[in-house]
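In case you want the letters, here they are:
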Amino acid sequence: MRLQRARVQENLVVRQGLHLLELQAPALAQAVRPGQYCMVRCAEETSYDPLLRRPFFVHSVEGERCRLLFQVRGRGTAWLARRLVGEELDLLGPLGQGWRLPSRTSTLLLVAEELGVVTLTLLAQRASEQGLAVTLLQEVPRLEEGYPATLLPEEVEYHLVERSAEQDPTRQDGLSAALESYLSWADAVCLGVSRETALRLYRRFEPLRRPGFAQVAVLHPLVCGLGTCLACALETAHGPRLICQEGPAFDLRTLAQA
């Protein structure tokens, strides 16, 4: 972890409110691992508004450049969306513990809800570069809100699932149906979904209860990133853990058995 300056190389509007920010950040690009994040100061140098840094998962890496994919949702991300090429950002990272795949993994299943996909994109890139077979399933409220397939490595198989407007507890939802057909194929599963969805899938599918088979990125607001505020304490089967330092990626069994 280190404090560093990163220069904006491109600010691409993927669609309204969704930005892909490319940064010249050699130290971060070299050190970051899939599932780690950085804390970006989203304010002018002479301002402390907003006061707190904002957390962003590293979307992808190319050479000395890192990309951040983010949705404009508040003052911090609105400020970041206005950055111009050549401007510098103050960031802290990489932070946290990312994905840890079993050594013999050759087939990898990635499962995301909405923008939880940002926890998985660097993993998809790295796994593809290492020759793993990778499939990504993403559930979204509307198909037009899906992750842009053009941002994925060509080798990644990508399936988009539209969430039903009316959830019927007696029927299998689209994400579960898609997941079921891939579980017997995968050596490992990584989930970028809400805790509620992760626990629901854990209860429904026996393979997700196998030791070391499934992990989940806990999507929880991160305030400091340093473990000092204790706002992200999470109860697990092994006692309380700090998401910002000991996560955000956790073994699904550890989370579900808390």
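Basis of the calculations
- Residues numbered from 1 in each chain as written.
- Predicted model: local features only at pLDDT ≥ 70, side-chain atom pairs only at ≥ 80, totals over all residues.
- Heavy atoms only, no water.
- Helix = DSSP H or I, 4+ residues; strand = E, 2+ residues; numbered from the N terminus.
- Rg over C-alpha atoms; globule rule 2.2 N^0.38 Å.
- Buried < 20%, exposed > 50% of the residue type's maximum accessible area, 1.4 Å probe, protein only.
- Contact = heavy atoms within 4.5 Å.
- Areas by Shrake-Rupley, 256 points an atom, 1.4 Å probe, with all protein chains shown as cover.
- Pairing = 2+ DSSP bridges.
- Axes fitted to C-alpha atoms, helices over the stretch in contact; angles between N-to-C directions.

## Some remarks on the overall build of the protein
And step 1. The secondary structure content of the protein amounts to seven helices and 15 strands.
And step 2. Here the C-alpha radius of gyration of the protein, 18 Å, is about what a compact globule of 258 residues would show, namely 18 Å.
And step 3. With respect to the three principal axes, the spread of C-alpha positions in the protein is 55 × 40 × 40 Å.
And step 4. Classification of the 258 residues of the protein by burial places 51% in the buried group.
And step 5. The long-range share in the protein, meaning contacts at least 24 apart out of those at least 6 apart in sequence, stands at 66%.
And step 6. Accessible surface, the protein as shown: approximately 12400 Å² in total, 49% of it carbon and sulfur.

## What to know about the sheet that holds strand β2 (residues 18-24)
And step 1. The seven strands are arranged β4-β3-β7-β1-β2-β6-β5 in an open sheet whose pairing can be described as antiparallel. The open sheet has two free edges, formed respectively by β4 (54-57) and β5 (60-62), since each of these has just one partner strand. Recorded for the sheet is a direction-independent mean angle of 40° between the axes of neighbouring strands.
And step 2. Sheet topology note: the β5/strand β6 (residues 65-71) ladder contains three bridges and is antiparallel. Following the sheet pairing, valine 61 is matched in β6 by cysteine 66.

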